[in-house]
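Architecture at a glance
What follows is the residue order along each chain.
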Amino acid sequence: MNYLESPVESLKGVGPTRARQLERLGIKTIRDLVYLFPRAYEKRGDVRSLSNAPLDMPVATLLTVASTVKSVRIKNRMTVSKFRAFDESGSVEVVFFNAPYVKDVFTVGATFRFYGRLSYSKKLLQLTNPKYEPYIELKPLPDFIPIYPLTGGLSSKVIDTLMKAVIDEASSLLPDPLPEQIRLENSLPTIGYAIRNAHFPQDEESLSKSLSRLAFDEMLLFGLGISLQARNRNSGDGIRFSPCSLKPVLDLLPYDLTDDQKSAVNDIYRDTVLGKSGEPNINPMTRILVGDVGSGKTVCAILAMYIAVCSGHQAALMVPTEILATQHYSEVSSLFGKLGIKVELLIGSTTAKEKKRILADIESGEAQVVIGTHALITGKLEFKSLGLIITDEQHRFGVNQRGVLKEKCKSAHMLVMSATPIPRTLALTLYGDLDISRIVTMPKGRMRVDTYTVDESYRKRLDDFIRKQVLLGGQCYIVCPAIEVADDEKDGDVFSPTAISAPFGDNTRPPLKSAVEYSAELQARMPDIRIACLHGKMKPGEKDAIMQAFSQKELDVLVSTTVIEVGINVPNASLMIVENAERFGLSQLHQLRGRVGRGSRRSYCVLVSDMKTEQAMARLEVMRTTYDGYEIAEKDLALRGPGDFFSTNSHDNFRQSGGFEFKFAKLCDNSELFSAAFSAARGIVASDPELTRPEHALLKKELDDIINRNGSSIS
Ligand code: ADP
Ligand code: MG
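Thresholds, definitions, all that
- Residues numbered from 1 in each chain as written.
- Chains lettered and ligands numbered in written order.
- Predicted model: local features only at pLDDT ≥ 70, side-chain atom pairs only at ≥ 80, totals over all residues.
- Heavy atoms only, no water.
- Helix = DSSP H or I, 4+ residues; strand = E, 2+ residues; numbered from the N terminus.
- Buried < 20%, exposed > 50% of the residue type's maximum accessible area, 1.4 Å probe, protein only.
- Contact = heavy atoms within 4.5 Å.
- Areas by Shrake-Rupley, 256 points an atom, 1.4 Å probe, with all protein chains shown as cover.
- Salt bridge = Lys/Arg side-chain N within 4 Å of Asp/Glu carboxyl O.
- Near = heavy atom within 4 Å.
- Polar contact = N/O pair within 3.5 Å; in protein donor to acceptor, adjacent residues only side chain to side chain.
- Core = buried A, V, L, I, M, F, W, Y, C linked by side-chain atoms within 4.5 Å.
- Pairing = 2+ DSSP bridges.
- Axes fitted to C-alpha atoms, helices over the stretch in contact; angles between N-to-C directions.
- Expected span 1.5 Å × (residues − 1).
- Arc of directions from axis to C-beta.
- Phe/Tyr/Trp six-rings, centres within 6.5 Å; stacked < 30°, edge-to-face > 60°.

Within the protein, the secondary structure is distributed over 24 helices and 23 strands. Burial status across the protein gives 55% buried among its 715 residues. Pairs at least 24 apart in sequence give 75% of the contacts found in the protein among residues at least 6 apart. Here the protein has roughly 31,400 Å² of accessible surface; of this, 52% comes from carbon and sulfur atoms.

Across all of its chains, the model carries 37 salt bridges by this definition. Across the pair Arg48 and Asp46 runs a salt bridge, and its minimum N-O distance is 3.4 Å. A relative accessible area of 33% places Arg48 in the partly exposed class. Of the charged contacts in the structure, one is a salt bridge between Glu456 and Arg459, with a shortest N-O distance of 2.8 Å. Owing to a relative accessible area of 31%, Glu456 belongs among the partly exposed residues under this scheme.

All right, on to the site of ligand 1 then. Every one of the 14 residues lining ligand 1 counts as a neighbour, but Asp256, Gly294, Lys297, Thr298 and Arg446 are closest to it. Ser295 is positioned such that a nitrogen or oxygen atom in its backbone is 3.4 Å from an oxygen atom of ligand 1. For ligand 1, an oxygen atom lies 2.8 Å from a polar atom in the side chain of Lys297.

Bringing the nonpolar core into the picture now. In terms of nonpolar packing, the biggest core is built from 66 residues, with Phe216, Met219, Leu220 and Leu224 touching the most fellow members. Contributions of two or more residues to this core are made by helix H1 (16–24), helix H2 (30–34), helix H4 (156–173), helix H6 (191–199), helix H7 (204–232), helix H23 (671–687) and helix H24 (697–709). A total of twelve residues in this core trace back to one element, the largest contributor, which is H7. Ignoring sequence-local partners within four residues, the contact set of Leu224 consists of Ala681, Ile684, Val685, Leu691, Leu699 and Leu703. If you look at the next biggest cluster of nonpolar residues, it comprises 44 residues, including Cys244, Leu253, Met305 and Val343.

Okay, the pairing of strand E4 (residues 70–74) next. The pairing of E4 with strand E5 (residues 78–87) spans five bridges and is antiparallel. Note that in E5 the partner of Arg73 across the bridge is Thr79. Hairpin remark: E4 followed by E5, antiparallel, with three residues in the connecting loop; positive phi at Asn76, about 55°.

An order of E18-E23-E22-E19-E21-E20 is seen for the six strands of this open sheet, with the pairing classed as parallel. Each having just a single partner strand, strand E18 (450–454) and strand E20 (531–534) make up the two edges of the open sheet. Within this sheet the neighbouring strands show an average axis-to-axis angle of 15°, counted without direction. Pairing of strand E19 (residues 475–479) with strand E21 (residues 557–560), which is carried by four bridges, proceeds in the parallel orientation. Looking at E21, one finds that Ile478 is bridged to Val559. Running at roughly 155° to strand E22 (residues 573–578), helix H20 (residues 586–593) makes contact with E18, E19, E22 and strand E23 (604–608) of the sheet.

Take helix H22 (residues 629–640) next. Relative to the 16 Å expected for twelve residues at 1.5 Å per residue, H22 spans 16 Å between its end C-alpha atoms, a close match to the ideal helical length. Of the positions making up H22, those classed as buried are Gly629, Tyr630, Ile632, Ala633, Asp636, Leu637 and Arg640. Seen from one end, H22 has its buried residues packed into an arc of 160°, which puts them on one side. For H22, the side-chain oxygen to backbone nitrogen distance between the N-cap and Tyr630 is 2.7 Å, and the N-cap itself is Asp628.

Between two aromatic rings, the relevant description is the distance of the centres plus the angle of the planes. Evaluated as defined, the whole model comprises 16 aromatic pairs. When the ring of Phe112 is compared with that of Tyr132, the centres are 6.2 Å apart and the planes differ by 85°; the resulting orientation is edge-to-face. Of this pair, Phe112 sits in strand E7 (residues 111–121) while Tyr132 sits in strand E9 (residues 131–134); the two residues are 20 residues apart in sequence, bridging distant segments of the chain. Here Phe112 falls in the buried class, since its relative accessible area comes to 5%. Three or more aromatic residues joined by ring pairs form one cluster here, namely Phe83, Phe96, Phe106, Phe112, Phe114 and Tyr132.

Spatially, E13-E14-E12-E15-E16-E11-E17 is the arrangement adopted by the seven strands of the open sheet, whose pairing is parallel. Looking at the sheet topology across the chains shown, the edges are occupied by strand E13 (343–346) and strand E17 (435–439). Neighbour to neighbour, the strand axes of the sheet diverge by 20° on average, direction disregarded. Alignment of strand E12 (residues 314–318) against strand E15 (residues 386–392), held across five bridges, turns out to be parallel. Bridge pairing links Leu317 to Ile390 in E15. In this fold helix H11 (residues 322–337) packs onto E12, E13, strand E14 (369–372) and E15, with an angle of close to 170° to the strand it touches most, E13.

If you want it as structure tokens, here you go:
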């Protein structure tokens, strides 16, 4: 049997239990194993002298044991083992908890490379629970130690050992999916080199080359996916809507459309009613409407639905949360009600009886517009004549779900609304499968959200400010990057966001604030204020109940992860605080800021960060001085590279992107690499649209795997 396809059980040290643990990580074969990448690397090659080592962050030191290990028992059957160690610059007390066996490891005079945090305890320099390797002169230790995701009860060490056993042979056997010519044109290493160095990098350069190669592959595949879709959609079997006047709707609006809104509606009208001039058939519309939060996309959607309904077809509007569905429903139904158009709301909490009636009405055509969550796609929904599908996703790449609804009716038109401004240079590549309409100018009279950037020293003042806003009758959002206190060692997530932007560990980064702990602490400091916590691990019903309570002003402060990014509208909210602001993409911060300043209250956004690097400060400064989402997106691209656009920086709202994964693309800070991958994809599709050439066979297989993993469709 092919070595790569042999089961992991064939490896020494892998019995049925290990095999089951590995299987839980999706690893059955040796090939699967080498595709399990480290989530971070410890940079142990950077050895510091004690006098020169930074405190309170992981650092490597080379120390010689100076005294025998003394172990004492303390409460709760804990043992503490201590000894002294030194280098030429000073000495330190090394402390281990519950590791009495270390007395046999650390013999006086032996030298070890330690990796751990130094700190002072009562003026005494200590190194607590460090990792260690015996140091033998002439036998070099590796500079980088891979840290694997700890899942299914497997330790990083176990995976490390297995990986060492297979990596040489496996990486030499891996066939390269990238055509040689493309690889060379882009100065990329082979897949074998990339995989080997992604696990055991020789040095920083080989690591970065490898990560670039792996990122290129991801972006190329994604590029292939969207280029192929773009080709496939000229089917000419779209439903042609009849010409109609939009005046009845426009007359009901208390405002005039902005020019950008008008032009977006014109685009839609052209796509669905007029078609390409001179052509008898019409293609199903696949358009994305991109507009900053509050730019007025909803009314464009309403007009599009009106066009569909006027031609005797039905329209479906799909949104990510129940509360958003409910909000849209009340807006749309009050308007359409006046025009005699029947709108239904279909969400998880709709009662069974009600649901039955609604489903019947949709099937008979009685219901002309349906608004709902993914309940729309999971239910046994049959439309009489579905003509238009709109998804309000607020997120990029929500490719997955819209596909399912589209399957129900291939000739229906599709409109996607996104509140993520994408830089012009990226739009074509990221949304290459979709036609784009943009709303750039905001409706008149929008208030600016005053934005401040502060550090931890403002904590007390910030608390006072929260209290003041609440006393004034306003409400406050506090966004934290983590759900619960994340212990680096316990993080079970493959490529956790922490690791992505800090592949060398957390050295320069302030610790993470977590929603659960933060809300408890805040409640303890402010017992009189109604505080709730919201995060993505809660059940949907629970989440909706809390959002509902907040929007009905039964809560004053909502401490949450970025789940609230998803379009909730609470005009009374006047303060947005983002903790660890350095962890978020600028566009994401901009989205979060857009949650306040929606009513008549003067509103504020406070970005809290203790990160003092030049780049971090520059980014936050952009937020303080810029309010235009597109400008922010452009600056984000310039400062961080395109990778950020693949990353939502949050466990919560990482939406599936049609099965495409961006583990490495997220790390990419190189716009040229990104464009190169996309242009390579376009080149491949142009010359070999079915990917039938032998040099494209492996790419085709990977693409097929993604599509199959994702169900029937990626569009
Ligand atoms: P989003 O693009 O974030 O979905 P909405 O469609 O919810 O934005 O619009 C935000 C607010 O702006 C709504 O209250 C809407 O009534 C209002 N609005 C939309 N278009 C205009 C306009 N042309 N002039 C004034 N207000 C508008
Ligand atoms: Mg909206």
